[in-house]
Amino acid sequence: MLSDEVRQVVAQTLATAERDRAPVPPLRDTWPDLDVVDSYTIQLLNIADRLEGGASVRGHKVGLSSKAMQEMMNVDEPDYGHLLSDMEVFSDSPVSVGRYCMPRVEVEVAFVLGRTLPGEGCTEDDVLACTDHVTASIELIDSRITDWNIKIADTIADNASSAGFVLGSARVDPASVDLTKIEAKLLCNGEEVASGRSDAVLGDPVTAVAWLARKVASFGVTLEAGHVIMPGSVHRAIDAHAGDDFEAVFTHLGSVRLSFTE
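Anyway, here's the lowdown on the structure attached to this text. Note that the coordinates shown come from a computational prediction; the quantities given were computed from them, not determined experimentally.

1. Side note on unusual backbone geometry
Point 1. A positive phi angle, close to 55 degrees, is found at Leu-64, a residue other than glycine.
Point 2. Along the polypeptide, Leu-64 turns up in the loop between strand S1 (57-63) and helix H4 (67-73).
Point 3. When its relative accessible area of 10% is taken as the criterion, Leu-64 is described as buried.
Point 4. Unlike most non-glycine residues, Ala-160 shows phi in positive territory, near 55 degrees.
Point 5. As for its placement among the helices and strands, Ala-160 is situated in the loop between helix H6 (152-157) and strand S6 (162-167).

2. Focus: the side chain of Asp-158
Point 1. With respect to the element layout, Asp-158 can be found in the loop between H6 and S6.
Point 2. On the accessibility criterion, Asp-158 (4% relative accessible area) is buried.
Point 3. Among the polar contacts made by the side chain of Asp-158, one reaches the side chain of Arg-144 at a distance of 2.8 Å.
Point 4. What Asp-158 contacts, discounting residues up to four positions off in sequence, is Leu-14, Asp-142, Ser-143, Arg-144 and Ile-145.

3. Concerning the packing of aromatic side chains
The way to describe two aromatic rings as a pair is by their centre distance and the angle between their planes.
Point 1. By the definition in use, this model includes four aromatic pairs.
Point 2. Between Tyr-40 and Tyr-80, the ring centres sit 4.9 Å apart and the planes meet at 20 degrees, which makes this aromatic pair stacked. Taken together, the residues span a long stretch of sequence, with Tyr-40 in helix H3 (residues 36-52) and Tyr-80 in strand S2 (residues 79-84) at a distance of 40 residues. An identical accessibility class is assigned to Tyr-40 and Tyr-80; each is buried.
Point 3. Ring pairing ties together the aromatic residues Tyr-40, Tyr-80 and Phe-219, which thus form one cluster.

4. Details of the environment of Ile-138
Point 1. Mapping Ile-138 onto the fold places it in strand S5 (residues 131-141).
Point 2. The buried category is assigned to Ile-138, whose relative accessible area is 0%.
Point 3. For the pair Ile-138 and Met-230, spaced 92 residues apart in the sequence, the C-alpha separation amounts to 9.1 Å.
Point 4. Apart from the residues lying within four places of it in its own chain, the contact partners of Ile-138 are Val-105, Glu-106, Gly-164, Phe-165, Val-166, Met-230, Phe-246, Ala-248, Val-256, Arg-257 and Leu-258.

5. Overview of helix H1 (residues 4-20)
Point 1. Taking 1.5 Å per residue, 17 residues should reach 24 Å; H1 reaches 24 Å between its end C-alpha atoms and fits that length.
Point 2. Arg-7, Val-10, Ala-11, Leu-14 and Ala-17 are the residues of H1 that are buried. Taken down its axis, H1 places every buried residue within 125 degrees of arc, on the same side. Counted as exposed and oriented over 90 degrees from the buried face of H1: Glu-5 and Arg-19.

6. Quick word on the packing of H1 against H3
Point 1. One way to put it is that H1 packs onto H3 with a least axis distance of 9 Å and a crossing angle of 55 degrees. The angle between H1 and H3 places the two elements in the oblique class. Crossing angle aside, the handedness with which H1 passes H3 is right-handed. Residues Arg-7, Gln-8, Val-10, Ala-11, Leu-14, Ala-15 and Glu-18 of H1 form the contact with H3, whose own contacting residues are Val-37, Asp-38, Thr-41, Ile-42, Leu-45, Asn-46 and Arg-50.

7. Some details on the pairing of strand S11 (residues 245-250)
Point 1. Direction of pairing for strand S7 (residues 183-188) relative to S11: antiparallel, over a ladder of five bridges. For Leu-186, the partnering residue across the bridge sits in S11 and is Ala-248.
Point 2. A loop of three residues connects S11 with strand S12 (residues 254-261), the two strands running antiparallel in sequence, and His-252 in this loop sits at a positive phi of about 75 degrees.

8. Looking at the sheet that holds strand S8 (residues 191-197)
Point 1. In spatial order, the strands read S3-S12-S11-S7-S8; together these five strands make up an open sheet with mixed pairing. Of all strands in the sheet, those bounded by a partner on one side alone are strand S3 (95-96) and S8.

9. Some remarks on the layout of surface pockets
Point 1. Approximately 300 Å³ is the volume found for the second largest pocket.
Point 2. What lines the second largest pocket is a set of 18 residues, among which Glu-18, Arg-19, Arg-21, Arg-50 and Asp-86 lie closest to the centre.
Point 3. Breaking the lining of the second largest pocket down by element, the ones donating at least two residues are H1, H3 and S6.
Point 4. Grouping the constituent residues of the lining of the second largest pocket by class yields five nonpolar, four polar and nine charged.

10. Description of empty space enclosed by the protein
The gaps of empty space that remain are located by a probe, the size of a water molecule, rolled over the atoms.
Point 1. Summed over all chains, the structure comprises one cavity of 30 Å³ or more.
Point 2. For the largest cavity, the calculated volume is near 110 Å³.
Point 3. Each residue belonging to the lining of the largest cavity can be placed in one class, and the counts come to four nonpolar, three polar and four charged.

Definitions and cut-offs
- Residues numbered from 1 in each chain as written.
- Predicted model: local features only at pLDDT ≥ 70, side-chain atom pairs only at ≥ 80, totals over all residues.
- Heavy atoms only, no water.
- Helix = DSSP H or I, 4+ residues; strand = E, 2+ residues; numbered from the N terminus.
- Buried < 20%, exposed > 50% of the residue type's maximum accessible area, 1.4 Å probe, protein only.
- Polar contact = N/O pair within 3.5 Å; in protein donor to acceptor, adjacent residues only side chain to side chain.
- Contact = heavy atoms within 4.5 Å.
- Phe/Tyr/Trp six-rings, centres within 6.5 Å; stacked < 30°, edge-to-face > 60°.
- Expected span 1.5 Å × (residues − 1).
- Arc of directions from axis to C-beta.
- Axes fitted to C-alpha atoms, helices over the stretch in contact; angles between N-to-C directions.
- Parallel < 35°, antiparallel > 145°, perpendicular 65-115°, else oblique.
- Left-handed = near helix turned anticlockwise from the far one by under 90°.
- Pairing = 2+ DSSP bridges.
- 1 Å grid on protein atoms, 1.4 Å probe; cavity = no way out; pocket = protein on both sides within 12 Å on 5 of 7 lines; lining within 4 Å.
- Points joined across faces, edges and corners; volume = space filled by probe spheres on them.
- Nonpolar A, V, L, I, M, F, W, Y, C, P; charged D, E, K, R; others polar.

That is the geometry; function is a separate question.
Written out as structure tokens, the structure reads:
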């Protein structure tokens, strides 16, 4: 475990890497004693700085929500990061790849809360009762660690590798669809590059949202009414380059686009 002073140094290292678009070596190599508790604390330090700078919390994302990713990272649970107001991007406004280090995209079923979720003890029934609607979404992920050479402590400290998100226009009542059987495919410049189904996310994306509510409660964080919750990708991450025009197409949830320029 790191001292508070060293945690501040690590947080500043990541903040500088993001600001300058200059990835840094794996944190675990530079600070071998870094653990998961350190990493969540470091994440929260940088989030607090961004909130002081005028950003606001728009929601949270769950990472490592598939068994395959957990096994690759040698962990037995997901991780989480924050979605901030300055991270939201839009289908009608192309994003510059120059804003990021090594951007990638993932397709997710996004939950928008109508009521604040309970923390400790939150259940799947609570999630369904408190969700106003679900919608199509693309998460833009990025790593401030060189070449995406990450392990669990690296990515958690780095806000779970989150960088942006875009939401579709559909507003679907979660009670009206089977949330475990939503099919999705990702097109890049009209060609299918990935596909998956919503049960790739812990068997049920609702389970991921309930896990998140319980997890963040231990850090004094609440999933509030109006928050966007990204429960995890239905497929592997896809690299994004200038000129790429992505469209995520879902059964029941419509579609959403995200395009990139230089």
